[in-house]
Amino acid sequence: EAKSSGANTYKFARRDVNSYAYRRLVIEQELRVAVERKELGVYYQPQVALTDGAIIGAEALVRWRHPTRGIINPGDFIGIAEEVGLLDQIGTFVLEEACRQSAEWTAKGMNPKVAVNVSASQCQRPDFARDVLTMIERHGIEPNMLEIEITETVAMLDPRTTARELAPLRAAGVRLAIDDFGTGYSNLASLTRMPFDVLKIDRSFVSECVRDGSARVVVATILTMTQNLGFETVAEGVESAAQREFLLGQGCTFAQGYLFGKPMPAAEFEALYLAKRRSDARDLIGEVRRK
Ligand code: C2E
Ligand code: MG
Ligand code: MG
Ligand code: MG
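Each value, and the rule that gives it
Residues numbered from 1 in each chain as written. Chains lettered and ligands numbered in written order. Predicted model: local features only at pLDDT ≥ 70, side-chain atom pairs only at ≥ 80, totals over all residues. Heavy atoms only, no water. Near = heavy atom within 4 Å. Polar contact = N/O pair within 3.5 Å; in protein donor to acceptor, adjacent residues only side chain to side chain. Areas by Shrake-Rupley, 256 points an atom, 1.4 Å probe, with all protein chains shown as cover. Helix = DSSP H or I, 4+ residues; strand = E, 2+ residues; numbered from the N terminus. Disulfide = S-S within 2.5 Å. Buried < 20%, exposed > 50% of the residue type's maximum accessible area, 1.4 Å probe, protein only. 1 Å grid on protein atoms, 1.4 Å probe; cavity = no way out; pocket = protein on both sides within 12 Å on 5 of 7 lines; lining within 4 Å. Points joined across faces, edges and corners; volume = space filled by probe spheres on them. Nonpolar A, V, L, I, M, F, W, Y, C, P; charged D, E, K, R; others polar.

Engineer: Quick question: what am I supposed to make of the site of ligand 1 here?
Structural biologist: Inspection of the region around ligand 1 gives 22 residues, with Arg 63, Asn 117, Asp 179, Glu 239 and Tyr 258 positioned closest. Asp 179 places a polar side-chain atom, nitrogen or oxygen, 2.8 Å from an oxygen atom of ligand 1. Here Glu 239 contributes a side-chain N or O atom positioned 2.5 Å from a nitrogen atom of ligand 1. In isolation ligand 1 offers 800 Å² of accessible surface; the protein chains occlude 83% of this area. Elements with a minimum of two residues in the shell around ligand 1: strand 2 (55-66) and strand 6 (175-181). It is strand 2 that provides the largest number of residues to the shell around ligand 1, a total of 4 residues.

Right under this line is the structure:
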């Protein structure tokens, strides 16, 4: 009797240790320290022009360099960070770091735009726009070198308020992008009234667009619509040449995905950017000579 209840308790305790609540608690505690110990860093993924493959920008993506577990991707901690109120602080760090990096790249004669993701709680703060503009000024970067990404779902929670909050950023020249487009429920009328420059087609459609007929129709429809509405488009998650060809054929202008480069440390991005520019220059000289 006592034995079996002991075994039960033990089993229960074991299960408890592996539970979501326990894992969440550990991550929460470690994340608080991580922010202070500067274990968070930013990776950059290239964005390219589909026609010639030139690198036109970088998306800043947060990474956690955990002392024992190595690099942790945002999927494993962003949700918890949001729940426990740490995401604002993390978001501000990423924005600040992206602005600093952009200033450094400009000083080195590089000019990729830098795109930064912002969370719901971050962009719904009334002084969000003012804080971003202050940061831009402090780092001395051109506003149009910074792009703010907001997911379609967050942007459309309250389209009028979002539009109003973001208007000062747009007016100052900051570029605004809708992320993960196609996964939320956009009201087309409000979409045209929103101050966005760029629409990013969600990876779930792009990755299926060669294999799956309905994904293909979704991508083609989004591209026709965005061209008519005057948005720039970025296809997310391009992994194959076949996907690139399909997107090019449908008039998509920009893309991001493992085919062009995974998210990487700033120094690696810089090396790739400069190597690409050198080889483009060589191609250009070759073309001129052939003429
Ligand atoms: P996202 O903004 O849609 O970023 C694109 C994600 O897709 C990145 O994942 C990137 O590594 C991944 N990806 C890009 N190309 C490919 C591809 O060809 N194949 C595959 N399989 N994946 C690809 P990551 O870095 O793990 O970020 C996941 C999400 O976490 C982001 O999705 C974004 O919503 C969020 N996130 C990342 N950094 C931040 C941040 O600083 N602040 C906030 N609020 N959210 C962030
Ligand atoms: Mg994004
Ligand atoms: Mg996305
Ligand atoms: Mg996403």
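Engineer: What exactly am I supposed to notice about the state of the cysteines here?
Structural biologist: Here, disulfide denotes a covalent bond that connects the sulfur atoms of two cysteines. Summed over all chains, the structure comprises 0 disulfides. No disulfide involves Cys 99; its nearest neighbouring cysteine sulfur is the one of Cys 123, lying 16 Å away. According to the relative accessible area criterion, Cys 99 is buried, its value standing at 1%. Cys 252 takes part in no disulfide bond, and the closest cysteine sulfur, belonging to Cys 209, lies 9.6 Å away.

Engineer: How should I be thinking about the layout of surface pockets in this particular structure?
Structural biologist: A water-sized probe rolled over the atoms picks out the places where empty space is left. Empty space within the largest pocket amounts to approximately 1100 Å³. Looking at the largest pocket, it is lined by 38 residues, and the ones nearest its centre are Glu 59, Leu 61, Pro 74, Asn 117 and Asp 179. Every element with two or more residues in the lining of the largest pocket is listed here: strand 2, helix 3 (78-83), helix 4 (87-107), helix 5 (120-123), strand 5 (146-151), helix 7 (152-155) and strand 6. Partitioned by chemical class, the residues of the lining of the largest pocket number 14 nonpolar, 13 polar and 11 charged. Taken together, Arg 23, Val 26, Ile 27, Glu 30, Trp 64, Arg 69, Ile 72 and Asp 76 form the lining of the second largest pocket. Per-element accounting of the lining of the second largest pocket gives the leading share, 4 residues, to helix 2 (residues 20-36). Residue composition of the lining of the second largest pocket, by class: 4 nonpolar, no polar and 4 charged.

Just distances and angles here, no functional claims.
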